There are 2 protein chains.
Amino acid sequence: MTTGTAEFSKRLDQTAEDTEALLAKLLSDTTETDEIVRPKRLIEAMRYSSLGGGKRLRPFLAVESAAVFGIPREAALLVGAALECIHCYSLIHDDLPSMDNSDLRRGRPTLHKTYDEATAILAGDALLTIAFDIITRDAIHKDAQVRLLLTRALARASGIGGMAGGQILDLAGEGRFGDREPVDVARLQQMKTGALLRFGCIAGAILGQSSQKEYQALDDYGKALGEAFQIADDLLDVEGDAAALGKPAGADAALGKTTFVTQLGIDGAKQRVRDLLARADAALSIFDGRGDVLRAAARFVAERKN
Amino acid sequence: MTTGTAEFSKRLDQTAEDTEALLAKLLSDTTETDEIVRPKRLIEAMRYSSLGGGKRLRPFLAVESAAVFGIPREAALLVGAALECIHCYSLIHDDLPSMDNSDLRRGRPTLHKTYDEATAILAGDALLTIAFDIITRDAIHKDAQVRLLLTRALARASGIGGMAGGQILDLAGEGRFGDREPVDVARLQQMKTGALLRFGCIAGAILGQSSQKEYQALDDYGKALGEAFQIADDLLDVEGDAAALGKPAGADAALGKTTFVTQLGIDGAKQRVRDLLARADAALSIFDGRGDVLRAAARFVAERKN
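Residues numbered from 1 in each chain as written. Chains lettered and ligands numbered in written order. Predicted model: local features only at pLDDT ≥ 70, side-chain atom pairs only at ≥ 80, totals over all residues. Heavy atoms only, no water.

(A) Seen up close, the interface of chain B and chain A. Listed per partner, the contact involves 52 residues of chain B and 52 residues of chain A. In this assembly, chain B packs against chain A so that about 4,400 Å² is buried in total across both faces, 72% of it on carbon and sulfur atoms. Summed over the shared surface of chain B and chain A, the result is 4 salt bridges. Linking chain B with chain A are 8 residue pairs in polar contact (both at pLDDT 80 or more), by the criterion used here. Contributing elements (two or more residues each) for the side of chain B that touches chain A: helix 2 (40-50), helix 4 (73-95), helix 6 (117-134), helix 7 (144-158), helix 8 (163-173) and helix 9 (185-207) of chain B. In terms of residue count, helix 6 of chain B provides more of the side of chain B that touches chain A than any other element does, 12 residues in total. (Contact = heavy atoms within 4.5 Å. Buried area = accessible area lost by both parts, 1.4 Å probe. Salt bridge = Lys/Arg side-chain N within 4 Å of Asp/Glu carboxyl O. Polar contact = N/O pair within 3.5 Å; in protein donor to acceptor, adjacent residues only side chain to side chain. Helix = DSSP H or I, 4+ residues; strand = E, 2+ residues; numbered from the N terminus.)

(B) Focus on the packing of helix 4 (residues 73-95) of chain A against helix 7 (residues 144-158) of chain A. All names here are of chain A. Packing of helix 4 against helix 7 brings their axes to within 11 Å, and their N-to-C directions diverge by 20°. Here helix 7 runs roughly parallel to helix 4, going by the angle between their axes. Judged by the twist between their axes, the crossing of helix 4 over helix 7 is right-handed. Each of Val79, Ala82, Leu83 and Ile86 in helix 4 lies in contact with helix 7, whose residues at this interface are Leu150, Leu154 and Ser158. (Axes fitted to C-alpha atoms, helices over the stretch in contact; angles between N-to-C directions. Parallel < 35°, antiparallel > 145°, perpendicular 65-115°, else oblique. Left-handed = near helix turned anticlockwise from the far one by under 90°.)

(C) Spotlight on helix 1 (residues 5-26) of chain A. All names here are of chain A. Taking 1.5 Å as the rise per residue, helix 1 with 22 residues should run 32 Å; its terminal C-alpha atoms sit 31 Å apart, in good agreement. Those residues of helix 1 not exposed but buried are Phe8, Leu12, Thr15, Ala16, Thr19, Leu22, Leu23 and Leu26. Within helix 1, the buried residues cover an arc of 135° as seen down the axis, which keeps them to one side. Of the exposed residues in helix 1, the ones pointing more than 90 degrees away from its buried face are Ala6, Lys10, Glu17 and Lys25. Summarising the contacts, the buried residues of helix 1 are in contact with helix 2 (40-50), helix 3 (57-67), helix 4, helix 6 (117-134) and helix 14 (292-303). (Expected span 1.5 Å × (residues − 1). Buried < 20%, exposed > 50% of the residue type's maximum accessible area, 1.4 Å probe, protein only. Arc of directions from axis to C-beta.)

(D) Layout of the packing of aromatic side chains. Residue and element names in this part refer to chain A. What the rule picks out here adds up to 9 aromatic pairs over all chains. Ring geometry for Phe8 against Phe60: centres 5.4 Å apart, planes inclined by 85°, an arrangement best described as edge-to-face. Residue Phe8 is found in helix 1, and its partner Phe60 is found in helix 3; the two are separated by 52 residues along the sequence. In this pair, the class of Phe8 matches that of Phe60, namely buried. (Phe/Tyr/Trp six-rings, centres within 6.5 Å; stacked < 30°, edge-to-face > 60°.)

(E) Region of interest: the relation of the copies chain B and chain A. Mapping chain B onto chain A calls for a rotation angle of 180° and an axial translation of 0.0 Å; the resulting RMSD is 0.0 Å. The two molecules are tied by a two-fold rotation axis, judged by turn and shift. An overlap of 100% is found between the interface residues of chain B and their copies at the interface of chain A, pointing to a shared contact surface. (Least-squares fit on C-alpha atoms with pLDDT ≥ 70 in both.)

(F) Quick look at the packing of helix 6 of chain A against helix 8 of chain B. Closest axis-to-axis distance for the helix 6 of chain A/helix 8 of chain B pair is 10 Å, and the angle between their directions is 165°. Comparing their axes, helix 8 of chain B and helix 6 of chain A come out roughly antiparallel. Here the hand of the crossing between helix 6 of chain A and helix 8 of chain B comes out left-handed. Of helix 8 of chain B, the residues touching helix 6 of chain A (which contributes Ala118, Thr119, Leu122 and Ala126 of chain A) are Ala164, Gln167, Ile168 and Leu171 of chain B. Within the contact of helix 6 of chain A with helix 8 of chain B, the residues separate by chemical class into 6 nonpolar, 2 polar and no charged. (Nonpolar A, V, L, I, M, F, W, Y, C, P; charged D, E, K, R; others polar.)

(G) Spatial organisation of the nonpolar core. Membership of the largest hydrophobic core comes to 201 residues, with the highest contact counts inside it found for Leu150 and Tyr221 of chain A together with Leu150, Phe199 and Tyr221 of chain B. Those residues in contact with Leu150 of chain A, other than ones at most four positions away along the chain, are Val79, Ile135, Ile140, Phe199, Ala203, Ile206 and Leu207 of chain A. (Core = buried A, V, L, I, M, F, W, Y, C linked by side-chain atoms within 4.5 Å.)

(H) Layout of the state of the cysteines. Residues and elements named next belong to chain A. The tally for this structure, following the rule as stated, stands at 0 disulfides over all chains. The thiol sulfur of Cys85 is not disulfide-bonded, and the nearest other cysteine sulfur, from Cys88, lies at 6.7 Å. On the basis of relative accessibility, which here comes to 0%, the residue Cys85 falls in the buried class. (Disulfide = S-S within 2.5 Å.)

(I) How the structure looks around helix 3 of chain A. Residues and elements named next belong to chain A. Within helix 3, 10 of the 11 residues are buried, which leaves it mostly tucked inside the rest of the structure. Among the residues making up helix 3, those that are buried are Leu57, Arg58, Pro59, Phe60, Leu61, Ala62, Val63, Glu64, Ser65 and Ala66. Against helix 1, helix 4, helix 9 (185-207), helix 10 (212-239) and helix 14 lie the buried residues of helix 3.

(J) Structural detail: unusual backbone geometry. Positive phi outside glycine occurs at Arg106 of chain A, with the angle close to 50°. Even without being a glycine, Asn101 of chain B presents a positive backbone phi close to 50°. Relative to the helices and strands, Asn101 of chain B resides in the loop between helix 4 and strand 1 (104-105). A relative accessible area of 46% means that Asn101 of chain B is categorised as partly exposed.

(K) Inspection of the environment of Thr262 of chain B at higher detail. Residues and elements named next belong to chain B. Within the secondary structure, Thr262 sits in helix 13 (residues 260-284). For Thr262 and Gln190, which are 72 residues apart along the polypeptide, the C-alpha to C-alpha distance reads 17 Å. Looking at Thr262, its side chain comes within polar contact range of the main-chain nitrogen of Thr259, at 2.9 Å.

(L) Structural context of the side chain of Arg147 of chain A. As for its position among the elements, Arg147 of chain A is in helix 7. Using a relative accessible area of 3% as the deciding quantity, one classes Arg147 of chain A as buried. The residues touching Arg147 of chain A, leaving out its near neighbours within four places in the chain, are Ile135, Thr136, Arg137, Asp138, Ile140, His141 and Lys142 of chain A together with Gln145, Leu148 and Arg152 of chain B.

(M) Examining the side chain of Ser49 of chain B more closely. Residue and element names in this part refer to chain B. The residue Ser49 is located in helix 2 in this model. For Ser49, a relative accessible area of 14% translates into the label buried. Residues in contact with Ser49, not counting those within four places in the same chain, are Cys88, Ile92, Arg106 and Leu111.

(N) Broad picture of the pattern of salt bridges. Residues and elements named next belong to chain B. With the rule as written, the count across this model stands at 42 salt bridges over all chains. Of the charged contacts in the structure, one is a salt bridge between Arg304 and Asp233, with a shortest N-O distance of 2.9 Å. Placement of Arg304 in the segment after helix 14 (292-303) and of Asp233 in helix 10 (residues 212-239) is noted, with a sequence separation of 71 residues between them. Overall, Asp233 belongs to the partly exposed group, its relative accessible area being 26%. Here Arg295 and Asp281 are joined by a salt bridge, their closest N and O atoms 3.9 Å apart. Here the residue Arg295 occupies a position in helix 14, and Asp281 occupies one in helix 13, the gap between them amounting to 14 residues.

(O) Layout of the environment of Leu276 of chain B. Residue and element names in this part refer to chain B. Within the secondary structure, Leu276 is located in helix 13. For the pair Leu276 and Ala228, spaced 48 residues apart in the sequence, the C-alpha separation amounts to 6.3 Å. Not counting residues up to four positions away in its chain, the partners in contact with Leu276 are Ala224, Glu227, Ala228 and Ile231.

Now the structure itself:
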């Protein structure tokens, strides 16, 4: 198959569109099949922060890693939707006044600015929770053990040793709990942003009940992609354009944060991205042509402008 | 078996002790088996809010509902620990300044007073997340489908139609988002506090792969127990003693909240509790003597002094 830029963009957009439609359905404010109360304000807040935006990169990685094993698209989209709920919850909580205190996200006021802090905290909690409802759905795989492994992997990517743990290390590095604590940028970002991206990449291997070698290949790929993603983010914070980003540039420098760029310099960071792309390519070699879209995804992540 | 008060207290205390030890192990700050980073501050905050206190009523319900079906205690304790993590996360987030703004919990400063808001939000998030790691553990049941059903039931008890949804309805009823919204106290509490208690009661039926009739019996029992629990709570807020409660009494009245007591009056509320205990007893009748401890648990919940 071709993986030229236009073809890749089309695939990415299609998954974003399908994810949007699926999330809109999963977070519907009416339901025909059960009698549970779905409090209007909570649902609206969850929809505000999870619909209408984003490249849906994490669901894309889940869909494309699953495609390597011929897993039905509908199953992978459900996994992607669960993953995206976790991602969106993390953005809501990170933006709170007591965390990063951000007013803008994707070019719109953050949730707590549009609603209020209590609603934002609860909407984040509810998105985190519903992810673990979605990931257990029967439609994902007929084998309960597969769904269980996905559930556990998602919990670990999100928890103490993953995203939540990375966020507290990040705050500690900013000196939020006293003196600035020393930061191992690679380790911190591997947890804070890397773990969820990596989950998207291994999701296909779990769904496909792959060999250990194939699982390892996707894990290596995901690890390289996650670091490339973050270095690109750090470079955009220095070189990027606020309009394209949908948020102010230069936020890291203003906080005096240790980033890949402060650690490696701009040229060093760019070289590191090239090395990581080579590593991602190498990891995918066992899949031959079936890895082409994931190869293109790594390049896309590294070269994106927002 | 006997279910006299002394015998019941002993069983309750034993489960509290076992739950404490299990949580201490699950939330250990060192680990021998994996290489994940466990950020010290996050772990300490999680331990602060989940160790050293509480009657562990929810784990007790999980253990005793499982005992009805002869499920090994160790398996039920893991389910109870997952449930308790959700309960503790909900207390942390409910206590936050933007929610109930509480300074005291179980006679100690709340987590955000001892640490800070950002740490409290993340510790709550991480407790919610680790619950879904714990509930998938192999030691809970050999059949993955059973663990999956538990996972899904726990997510639903905690989410939009359960605890998180109940909390936003509660805040809306206090007029936190504009005019006070009308409150259906029974429905609100069935979600906010009832759903997790009810999960503890049905956990045994899921673990025991019970008949639909047995599941329904435990669900009916759990529903009655949950409502009795909340009415007792509302009565304690009016008649209780701050020292025994470990938090100020009269908080509901100060907020002008609609409660079971404002709706039914003190005598009406007490009569309702008696009716609910009769309903709980009736639901358990199909289990004969195997339901004795759960019968005693309902009475304990209704008559507790804190």
